[in-house]
Amino acid sequence: MKKILFTVLLALLVLWGCGTKEESAGSTPNTDFKEKVAAKFGLTLFELDNGIGPIKEKINLTNQIDQIMAKSGEDVFVQKCAQCHKLDERYTGPALRGVTERRSPEYIMNMILNPEEMTKRHPEAKKMLAQYANQMTFQNVTEDDARNLLEYLRSVNQ
Amino acid sequence: MKKISLIVSLAALIAISSALYNCAGPGDETGYADAAQKVYVAPGQYDEFYSFMSGGFNGQVSVYGLPSGRMFKSISVFSQNPETGYGYTPETTPMLETSYGMVPWDDAHHPELSQTDGIPDGRWLFINGNNTPRVARIDLRTFETAEILEIPNSAGNHGSPFVTMNTEYVIASTRFSLPIPQRDVAISSYKENFKGTLTFIRADNETGDMEIAFQILVPGFDYDLAHAGKGPSHGWAFFTSYNSEQANTLLEINASRNDKDFVAAVNWKKAEEYLKEGKGKRVKVDYTNNYYDEEEHQAHSEMRNEVTVIYPEDCPGLIYYLPTPKSPHGVDVDPSGEYIVAGGKLATVIPVHSFSKMLTAIENEEFEGDIDGIPILKYESVNAGEVENCGLGPLHTEFDGKGYAYTSAFISSEIVKWKIGTWEVVDRIPTYYSIGHLMIPGGDSKEPWGKYVVALNKITKDRYLPTGPELCQSAQLIDISGDKMKLLLDFPTVGEPHYAQAIPAEILMNNTKRFYELEKNKHPFKTGGEAEARAERTGSEIHIYMTASRTHFKPDNIEGVRVGDKVFFHVTNLEQDWDIPHGFAVKGALTSELLIMPGETKTLVWYPKKEGVFPFYCTDFCSALHQEMQGYIRVSPANSNAAVSYN
């Protein structure tokens, strides 16, 4: 019975996952449901949408790409990430072009900064671990590095 | 319900075990149920102490947890280790260079923790190499050998490396006296031509870098062990000597004739004054100083050509001899710094000298003669007391910081506990068998953590499952928290443990290095990310800049290598998290594998001798796809024109 409930929840979560990017304030039926899902996984609503880690609130982003940050991000990416991630090719980990469409910016930064806990506790990250069979590791980057990496990943969509 | 039945069975178990314990027959020296609890470290819990035990003839240091006796690591020092590549890779072979060439082995006896204000500070561990005299410094952030300094004008560097209170100096002494400088003389001219040296190595307070500050040329006895003073005796160092007979053959008999040999007391602050006055002489002699650059991931060996030597006859007040029965081995200074305890192998008592009496005797010139200008103090003038009934063959003494001393007795195979000041023996416990050194955590420092004493035994005979002619050696953990010593645990050791040191775990564990930062990696053949992975030919040398990450090497297909080339696999582990080493092995390698820590670069040199295709792979199970972490290198004929290619 528990298993069925879990499967149903997971299915709902996957459906809901398509809407991750929409952030609505206030209590709506959708929020109520997401709160239940988050509680089910022992997460806060913020964590469900934005991952678990040092990024605990929404960051300010504009549509404009900061090219200097994106370049710094690319440098870190080449040195510390590219052995596992390509932009368009499944490699040790998933291809990353378009990841900013799939995940919230804070989720991406938390995944970079706190991958072990993410793959243990966050349902989406857990799925990725099961799919790729390799534990993503923290690569000793700073929060600024992670922000620059995010900018780089945003820039490659354009 | 389940809980209740668990409690009932537990209670029954305790009742039964205590019943069994009460009926314990002969051979049950301790209440083992009680002992088991005291040494049991539950899964996931940590030991209370790190213990560093010398490997003796294996040239290494082994790291154990106390009280569990579990071994964590063997640190390669004066040894090669095919498991990691230490002593095989071009990065590490310079560590083993000496004035005799590369010497990949030594006999390592005495680990010694660095101290600040007389207390082990957990920064470095020093250990001696006897055979080709050397002192190594291990960095306790990485648990790796950081430096090795050869000691010139020395042979059988046994009496080392012991530190002064703030690690101002690491001291060393010669077991074998020698013609100094070395020259071709008759061995029978020993008394005329042979001398010993006492060496003072300066350790930089920030970096730990060692250099020889000065050596003192002393009469040609066998200098055996040493310890520095502390508290009031800070500024002095004490060295035992035997063979004051100056025999050069059959020492067993010929060096056992005198009733008393000597403890040499050296005033090193006085030596510093004499050096300032220019009393030291620069003497030409070659010796190496090797150090590992953690950012370059590369060792360097530098040849030094000179040392400063001080001659006691030019420097009155520098050194005194304290007569000490009989062929003394260990010399240990109590936590207060007042008492100097010598273990006379052939003595029937343990003589304890008093530092304050010694100073008075020096002032009053209570001498009974001199040897080569070194005054011999009168035994009665310096002696504070003698411990009688101390067992046969007393060797070494450690202290618990609560007013008691513990001496190992080799021949009677026991530890004898005695009270400082009254010199009375208050307890004794057998050891199994033939104890050499003993160790209390911090037991040679100003503030011992006097909870356990570890017996380091030479012989195990019937104590363990037999393993052919060669049996393991052992340590025994003994509880000294109460009035009576209680044996808690036997555990086997790797190599022959001589001395050991221990320190509370919390002093070290928070400083441990988890990985090497890629940003700081200055290895000349570093690969800074997969985009830089490549293979290059320079003449007949192929340099492969390879990365390792879970779970592939880049490049993993290399072609254009020819028979007769020399191939360098420079492998950089790109991981930046704890506990993700990668291994690297290639078929036909004549040396070892590589074990590459996160962020580190190491090099394997490979000589392709046959045409064909040869596999390489990761040897350290790194992830679920570890078995996929592999590649090939193709070897073409020597006259092939194929260019180097890779992907």
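Residues numbered from 1 in each chain as written. Chains lettered and ligands numbered in written order. Predicted model: local features only at pLDDT ≥ 70, side-chain atom pairs only at ≥ 80, totals over all residues.

Engineer: Just to check I follow, could you spell out the overall build of chain A for this structure?
Structural biologist: Scanning chain A from terminus to terminus reveals nine helices and zero strands. Secondary structure elements in chain A, listed N-terminal to C-terminal, are α-α-α-α-α-α-α-α-α. Within chain A, the proportion of its 158 residues that are buried is 32%. (Helix = DSSP H or I, 4+ residues; strand = E, 2+ residues; numbered from the N terminus. Buried ≥ 20, exposed ≤ 12 C-beta atoms within 10 Å, placed from the backbone.)

Engineer: What am I meant to see in unusual backbone geometry here?
Structural biologist: Outside of glycine, negative phi angles account for most residues, and trans bonds account for most peptide bonds. Residues and elements named next belong to chain B. Put simply, L66 and P67 share a cis peptide bond, and its omega is 15°. Among the secondary structure elements, P67 is positioned in the loop between β2 (60–66) and β3 (71–76). Each neighbour pair has its own omega, and for I180 with P181 the value is 0°, a cis peptide bond. Mapped onto the fold, P181 is located in the loop between β12 (178–179) and α3 (190–193). At E365, a position not held by glycine, the phi torsion is positive, near 50°. Within the secondary structure, E365 sits in the loop between α6 (355–363) and β24 (367–371). Exposure remark for E365: the 9 C-beta atoms within 10 Å place this residue in the exposed category. In this model, D372 sits at a positive phi of 50°, which is unusual for a non-glycine residue.

Engineer: For this particular structure, what's the right way to read the nonpolar core?
Structural biologist: If you look at soluble globular proteins, the nonpolar side chains tend to sit buried side by side. Residue and element names in this part refer to chain B. Counting 124 residues, the largest nonpolar core has I201, V266 and V453 as its most contacted members. Considering every element that reaches this core, the biggest residue donor is strand β14 (residues 210–219), with six residues. Once residues within four sequence positions are removed from consideration, V266 is found in contact with L198, I216, W236, A237, F239, L318 and I319. F525, A535, V567 and I633 belong to the second largest nonpolar core, which has 35 residues in total. (Core = buried A, V, L, I, M, F, W, Y, C linked by C-beta atoms within 7 Å. Contact = placed C-beta atoms within 7 Å.)

Engineer: Got a minute to help me understand the confidence of the model for chain A in this structure?
Structural biologist: Detailed reading of the predicted coordinates is not advisable wherever pLDDT falls low. With 82% of its residues at a pLDDT of 70 or more, chain A shows a mean pLDDT of 87. The low-confidence segment residues 6–25 of chain A, where pLDDT is below 50, has twelve contacts with residues more than four positions distant or belonging to other chains. (pLDDT = per-residue confidence, 0-100.)

Engineer: What exactly am I supposed to notice about the interface of chain A and chain B here?
Structural biologist: Interface size is commonly expressed as the accessible area that is lost once the parts come together. At the interface, 14 residues of chain A touch 20 residues of chain B. Partitioning the side of chain A that touches chain B into residue classes produces five nonpolar, eight polar and one charged. (Nonpolar A, V, L, I, M, F, W, Y, C, P; charged D, E, K, R; others polar.)

Engineer: Whenever I open this one, the pairing of strand β36 (residues 534–538) of chain B confuses me. Can you help?
Structural biologist: Where a strand is regular, its side chains alternate between the two sheet faces. All names here are of chain B. Across five bridges, the pairing between β36 and strand β37 (residues 541–549) is antiparallel. Following the sheet pairing, R537 is matched in β37 by I542. Where β36 folds back on β37, the antiparallel hairpin that results is connected by two residues, among which G539 adopts a positive phi of roughly 60°. (Pairing = 2+ DSSP bridges.)

Engineer: Honestly, the sheet that holds strand β29 (residues 414–419) of chain B in this entry has me stumped. Any pointers?
Structural biologist: One key point about sheets: their strands pair by backbone hydrogen bonds, in either a parallel or an antiparallel sense. Residues and elements named next belong to chain B. Taken together, four strands build an open sheet; the order of strands is β27-β28-β29-β30 and the sheet is antiparallel. The open sheet terminates on both sides in strands that have one partner only, identified here as β27 (394–399) and β30 (425–430). Strand-to-strand twist in this sheet, taken as the mean axis angle between neighbours without regard to direction, amounts to 20°. Pairing analysis gives five bridges linking β29 to β30, with the strands arranged antiparallel. (Axes fitted to C-alpha atoms, helices over the stretch in contact; angles between N-to-C directions.)

Engineer: How should I be thinking about the sheet that holds strand β44 (residues 612–617) of chain B in this particular structure?
Structural biologist: All names here are of chain B. Spatially, six strands are ordered β42-β41-β44-β45-β39-β46 in an open sheet, and the strand pairing comes out mixed. Two strands in the sheet have a free side with no partner beyond their single neighbour: β42 (594–596) and β46 (645–646). Here three bridges tie strand β41 (residues 582–586) to β42, and the two strands are oriented antiparallel to one another. Following the sheet pairing, F584 is matched in β42 by L594.

Engineer: Explain helix α6 (residues 105–113) of chain A to me, please; I cannot follow it from the model alone.
Structural biologist: Residues lying three or four places apart along an α-helix face the same way, a consequence of the helix completing one turn every 3.6 residues. Residue and element names in this part refer to chain A. With nine of nine residues buried, α6 is to be regarded as a mostly interior element. What α6 keeps buried is the set P105, E106, Y107, I108, M109, N110, M111, I112 and L113. Residues of α6 that are buried in the fold lie against α3 (45–50), α5 (99–102), α7 (115–121), α8 (123–132) and α9 (143–155).

Engineer: Is there a simple way to think about the pairing of strand β31 (residues 435–439) of chain B in this case?
Structural biologist: Residue and element names in this part refer to chain B. Here β31 lies mainly inside the structure; five of its five residues are buried. Taken together, the three bridges between β31 and strand β32 (residues 452–457) define a ladder with antiparallel strand orientation. Bridged to L438 within β32 is A455.

Engineer: Hey, could you run me through the environment of B:Y321 in this one?
Structural biologist: Residue and element names in this part refer to chain B. One can find Y321 in strand β20 (residues 319–325). Taking the C-alpha atoms as reference, Y321 lies 9.6 Å from S241; in sequence the two are 80 residues apart. Setting aside residues no more than four positions away along its own chain, Y321 makes contact with F262, A264, I371, I374, I376 and L377.

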